[in-house]
Amino acid sequence: MEENLEPMITFLDLDGVIVDFYGAVSKELGFTTTFEHAALYSYFGNDEAKVKNYLHSLSADWWASIPKFEWADDLIDLATSYGEIAYLSSPGHYPNAGAGKILFAKHVLNTEHLILAKTKSLIAAPKRVLIDDTPYNCADFKKAGGDSYLWPSSTDLRNSPSLLKTTFKEVQILLDLY
């Protein structure tokens, strides 16, 4: 059996892992606290068309200015300490999201290692690890031959410092496997 000499690559999702999408939306809508998915829909009267219209209206500059989470740099440093990293994010169905994420990667993260893909599992392979906050992205990535870590919700992480510490430890244990 031949050893896989390919380097390990850790793929970090942007929205929900590195950047605070819901925090930015909450601020944009005038809220003083961050809400998440269900509250966004509730704000628009659970009218999916209104939510989509709102998200479609956000400019590339808005997407490029979403703030990083307070733990983002520590997670980036941890992943980088194990080898190569890249950012793997969905452009969504929003016309300016992809362009904004490219600007964010270039100007905030100082990298061009950004892959925009709706189907993240297409990138999966042995020695590739996805850190993502969406359960089906993690499951599909594993089914396609990679490994993954399901990142907890930002609300849970902010409400529990011990969960954040545990999360980092679990990511480290996973990356130690490679």
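Residues numbered from 1 in each chain as written. Predicted model: local features only at pLDDT ≥ 70, side-chain atom pairs only at ≥ 80, totals over all residues. Heavy atoms only, no water.

Draft legend 1. Main features of the overall build of the chain. Within the chain, the secondary structure is distributed over nine helices and five strands. Across the chain, helices and strands are ordered from the amino to the carboxyl terminus as β-α-α-α-α-α-β-α-β-β-α-β-α-α. Over its C-alpha atoms the chain spans a radius of gyration of 17 Å, differing by no more than 12% from the 16 Å that the globule rule assigns to 178 residues. Here the C-alpha coordinates of the chain stretch approximately 55 × 35 × 30 Å along the principal axes. For the chain, the residues scored as buried account for 44% of the 178 residues in total. (Helix = DSSP H or I, 4+ residues; strand = E, 2+ residues; numbered from the N terminus. Rg over C-alpha atoms; globule rule 2.2 N^0.38 Å. Buried < 20%, exposed > 50% of the residue type's maximum accessible area, 1.4 Å probe, protein only.)

Draft legend 2. Spatial organisation of the pairing of strand S1 (residues 9–12). Of the two faces of S1, the one holding Ile9 and Phe11 and the one holding Thr10 and Leu12 are both buried throughout. Inspection of the sheet shows S1 paired to strand S2 (residues 84–89) by four bridges, in the parallel sense. By the bridge assignment, threonine 10 is partnered in S2 with isoleucine 85. In this sheet, strand S4 (residues 128–132) lies alongside S1 in parallel orientation, the contact comprising four bridges. Within S4, the residue paired with phenylalanine 11 across the bridge is leucine 130. (Pairing = 2+ DSSP bridges.)

Draft legend 3. View of the sheet that holds strand S5 (residues 147–150). On the basis of which strands lie adjacent, the open sheet formed by five strands has the order S3-S2-S1-S4-S5 and parallel pairing. Two strands bound the open sheet, and with one partner strand each, they are strand S3 (114–116) and S5. This sheet shows a mean twist of 25° between the axes of neighbouring strands, independent of strand direction. Strands in contact with helix H9 (residues 161–176) are S1, S4 and S5; relative to S5, the strand with the most contacts, it is inclined by about 175°. (Axes fitted to C-alpha atoms, helices over the stretch in contact; angles between N-to-C directions. Contact = heavy atoms within 4.5 Å.)

Draft legend 4. Layout of H9. Taking 1.5 Å of rise per residue, 16 residues should cover 22 Å, and H9 covers 23 Å from first to last C-alpha, within 8% of that figure. Considered for burial, the residues of H9 that qualify are Thr167, Phe168, Val171, Leu174 and Leu175. Axial view of H9: buried residues confined to an arc of 125°, hence all on one face. Where H9 is buried, its residues contact S1, helix H5 (72–80), S4, S5 and helix H8 (154–159). (Expected span 1.5 Å × (residues − 1). Arc of directions from axis to C-beta.)

Draft legend 5. Highlighting the packing of aromatic side chains. Using the criterion set out here, one finds 13 aromatic pairs in the structure. Their ring planes at 90° and their centres at 6.1 Å tell us that phenylalanine 21 and tryptophan 62 sit as a pair that is edge-to-face. Of this pair, phenylalanine 21 sits in helix H1 (residues 21–28) while tryptophan 62 sits in helix H4 (residues 60–64), and the two are 41 residues apart along the sequence. Assigned by exposure class, phenylalanine 21 and tryptophan 62 land together as buried. Each ring, one from tryptophan 63 and one from tyrosine 94, has its centre 5.9 Å from the other, and the planes form 15°; the classification is stacked. Here tyrosine 94 lies in the loop between S2 and helix H6 (97–107) and tryptophan 63 lies in helix H4, a separation of 31 residues in the sequence. By relative accessible area, which is 4% here, tryptophan 63 ends up buried. The class for tyrosine 94 is partly exposed, based on a relative accessible area of 23%. Through successive ring pairs, a cluster of aromatic residues spans Phe21, Tyr22, Trp62, Trp63 and Tyr94. (Phe/Tyr/Trp six-rings, centres within 6.5 Å; stacked < 30°, edge-to-face > 60°.)

Draft legend 6. Representation of unusual backbone geometry within the structure. In this structure, asparagine 46 is a non-glycine residue whose phi angle is positive, near 55°. Residue classification places asparagine 46 among the exposed residues on the basis of a relative accessible area of 56%.

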